[in-house]
Each structure stands twice: as structure tokens, then as C-alpha cells.
Amino acid sequence: MINLSVRDFKLKKDFLVYDLGKIELVFSTAEEDRSFNRNTEYGINNLSSIIKDFNLSDVVYLNQIHSDKIYTYNKDYINIKDEEGDALITKEKNIAIGVFTADCVPIIIVNEKSNIVATIHSGWRGTFNSIASKTLLKMKDEFNIDTNETKVFIGPHIRKCCYEVSEELKEKFIEKIKIDEDKLFDGRYLSMQECILKDLREFGINENNIYSLNLCTHCEENVKLYSYRKSVGTYGRLFSFAFIK
């Protein structure tokens, strides 16, 4: 895995942009206090502003429900924003697909050879149910992507330093994930990233094609981010997205 820092990204307003040439992936921050909550008029306006900021035709997202449901989007899928799920795949050009987070893990999958992208919202439930590897499987089944040509980017989320879970949930993760407990946990502090990395590696993603932006939403001090736990319920939402030029 390759650890990325903010210096590896281009800053555009309150967005961290990683340009791969034909594809761009973007992680929002809270530097300008813009929240992307699809359930508020302010959030919808901010989502719409992405179209202008990045010269896009549309921004597409799901009604997230902490599931492992995955959708493939094309321009004929008119009601996609009403669908309940937590991962989107597309080959459509000039359309951003994205996910909302405020401690959960945003994951962006990119295959430049096939010109296809996917975005994933992976909370503890999605992580527990291997939504990342299920999304990769759907991409392989529907588009025959080459695993060796596929890159995965893990965005800012609440990390092992700050993510305490119950003893009951800890035991469930240890039983299912089969990772050394000392690697997966520090006491009851869970690393969702380690679970995701296990899924990616077992699927066959090359180690040097896995990237992680090493920011914790809860304790990062140099970059302002939204965190559900830190704000005790009054929180904004980050939006992570990708698009094909």
C-alpha cells in the first residue's frame, strides 16, 4: 500500500484532487465549511456546485443505507438518486459519481485501461460485509476489468486511533475477518482500513495499486474534516467522487 499525503493532491477550493489524466478523483474537506448533505437545500446546492467547479454534466449519488448494495449507472438510469445502496459504478464520461461520509470510509476504484470508476461508502457494516470486494467483483463480471490494471484509493475516515467499538462488535470482527487481533484492534479501537486491505489483497489488487490518504476525520488537525463522532451528532458531510473526462 502507498500512503498519500495532502501534498500529493492538487487543492481546488475545499477539494483535494488527484488527477490520473483521463480520470480525476476528489475528496472534499471542510475547509470552507461546505457540507454535502443531500437531505438539505444547502447540501443539494453544494452538490450542484460541483458541476460548475469541475465542468461536469451531472453529479450522481445514492440514498445510502449502510448496506452492500451496488448499482451500475448509465444515463438512462433516471431515478438513480432515489435508489438505496452504498456503491456506484460507471463508464459514463463527464459525470461524477460520489459517496457521503463523516467518519465512514470513502473508497474510489479506478481502471484507466477500461475507463471505469466506482465509489463506495464503507461504514462498519459495509466493511464487515466486504462491500469493496463485492464492488470489484461486479466490475469484473459486468466489464471484465483487469485486476492488475485496477487502482483503489482509500479516503479520509475515522481511523484505528479514534474508532472505539463495543466488545460485542469487536468479537464479531475478530471471528469473521480473520486478521491478527493486534493488527485489527488496539483494545477496542478498530482499523476498518485493515479489513478493507485484506479484501483488496485477496481479490488480487496489486499492493502498489492501493493508495490511502492518511487522514483521520476525528483527530486530524492540519486539514479540517467532518466527523460524526467528534461533533456528537451535529455534523456536516464530506463528498468523495470520481469522474471520467
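Residues numbered from 1 in each chain as written. Predicted model: local features only at pLDDT ≥ 70, side-chain atom pairs only at ≥ 80, totals over all residues. Heavy atoms only, no water.

1. What about the packing of helix 3 (residues 131-143) against helix 6 (residues 192-203)?
Short version of the rule: Where helices are involved, their axes are fitted lines through C-alpha atoms of the stretch in contact, as for all axes, and angles between N-to-C directions lie from 0 to 180°. The helix and strand labels rest on DSSP assignments: H or I over at least four residues marks a helix, E over at least two residues marks a strand, and numbering proceeds from the N terminus. Convention used here: angles under 35 degrees read as roughly parallel, angles over 145 as roughly antiparallel, angles from 65 to 115 as roughly perpendicular, and any remaining angle as oblique. Contact criterion: two residues are considered in contact whenever any of their non-hydrogen atoms come within 4.5 Å of each other. Residue polarity is assigned by list, with Asp, Glu, Lys and Arg as charged and Ala, Val, Leu, Ile, Met, Phe, Trp, Tyr, Cys and Pro as nonpolar; anything else, Gly included, falls into the polar class.
At their nearest, the axes of helix 3 and helix 6 sit 8 Å apart, and the two run at 30° to each other. The orientation of helix 3 relative to helix 6 falls into the category roughly parallel. Along its contact with helix 3, which presents Ala132, Ser133, Leu136, Leu137 and Lys140, the element helix 6 presents Ile196, Asp199, Leu200 and Phe203. Counted by class, the contact of helix 3 with helix 6 contains 6 nonpolar, 1 polar and 2 charged residues.

2. A short note on the sheet that holds strand 7 (residues 87-90)
To be explicit about the condition: The pairing criterion for strands is at least two bridges between them, as found by DSSP.
Strand order in the open sheet made by the 7 strands is 1-14-11-9-10-7-6, with mixed pairing throughout. The sheet is open, and its two borders are formed by strand 1 (2-4) and strand 6 (70-73), each paired with just one other strand. Pairwise comparison of adjacent strand axes, ignoring direction, gives a mean angle of 20° for this sheet. Alignment of strand 9 (residues 105-111) against strand 10 (residues 116-122), held across 7 bridges, turns out to be antiparallel. Within the sheet, the bridge partner assigned to asparagine 111 lies in strand 10 and is isoleucine 116.

3. With respect to the packing of aromatic side chains
Counted only if it meets this: Side-chain rings of Phe, Tyr and Trp (the six-membered ring for Trp) are treated as a pair once their centres are within 6.5 Å; stacked means planes under 30 degrees apart, edge-to-face means over 60, and tilted covers the remaining angles. Classification of residues uses two cut-offs on accessible area relative to the type maximum, computed with a 1.4 Å probe and protein chains only: under 20% is buried, over 50% is exposed, and between them is partly exposed. Geometrically, a charge over a ring is one whose NZ (Lys) or CZ (Arg) sits within 6 Å of the ring centre while staying within 35 degrees of the ring normal.
A full pass over the atoms with the stated rule returns 19 aromatic pairs. Measuring from ring centre to ring centre gives 5.3 Å for tyrosine 61 and phenylalanine 100, while their planes differ by 70°; the resulting arrangement is edge-to-face. Taken together, the positions of tyrosine 61 in the loop between strand 5 (58-60) and strand 6 and phenylalanine 100 in strand 8 (residues 95-101) put the pair 39 residues apart, joining distant regions of the chain. As far as the burial class goes, tyrosine 61 and phenylalanine 100 line up, both buried. Each ring, one from phenylalanine 128 and one from phenylalanine 173, has its centre 5.1 Å from the other, and the planes form 70°; the classification is edge-to-face. One end of the pair, phenylalanine 128, is in helix 2 (residues 124-128); the other, phenylalanine 173, is in helix 4 (residues 167-177), with 45 residues separating them in the sequence. Of the two residues, phenylalanine 128 and phenylalanine 173, both sit in the buried class. An aromatic cluster is defined as three or more aromatic residues linked by ring pairs; in this entry it consists of Phe15, Phe36, Phe54, Tyr61, Phe100, Phe239, Phe241 and Phe243. Over the aromatic face of phenylalanine 185 sits the side chain of lysine 170, whose NZ or CZ is 5.5 Å from the ring centroid. Over the face of the ring belonging to phenylalanine 128 we find lysine 176, whose NZ or CZ atom lies 4.4 Å from the ring centre.

4. A word on the environment of serine 57
By the secondary structure assignment, serine 57 is in the loop between helix 1 (41-53) and strand 5. As a C-alpha pair, serine 57 and valine 152 span 95 residues in sequence and 24 Å in three-dimensional space. Those residues within four positions of serine 57 in sequence are excluded, and the remaining contacts are Ile51, Asn94 and Ile95.

5. Considerations on the layout of surface pockets
Basically, it comes down to this: A cavity, in this analysis, means grid points on a 1 Å lattice covering only the protein atoms where a 1.4 Å probe fits yet has no way out; a pocket is instead an open set bounded by protein on both sides within 12 Å along at least five of seven lines, and a residue lines either one if it has an atom within 4 Å of a point. Grid points are joined across faces, edges and corners, and a volume is the space filled by probe spheres set on the points.
The computed volume of the largest pocket comes to approximately 500 Å³. Taken together, 22 residues line the largest pocket, and the ones lying closest to its centre are His66, Ala102, Cys104, His121 and Tyr235. Put simply, the parts of the chain that give the lining of the largest pocket at least two residues each are strand 8, helix 2 and helix 7 (228-231). Considered class by class, the residues forming the lining of the largest pocket number 9 nonpolar, 8 polar and 5 charged.

6. Some details on the pairing of strand 9
Most of strand 9 is tucked away, with 7 of its 7 residues classed as buried. Between strand 9 and strand 10, which follow one another and run antiparallel, lie 4 residues, and asparagine 115 among them has a positive phi close to 55°. Strand direction decides the pairing type here: strand 9 and strand 11 (residues 150-154), joined by 5 bridges, are antiparallel. Each residue of the ladder has a partner; that of isoleucine 109, found in strand 11, is valine 152.

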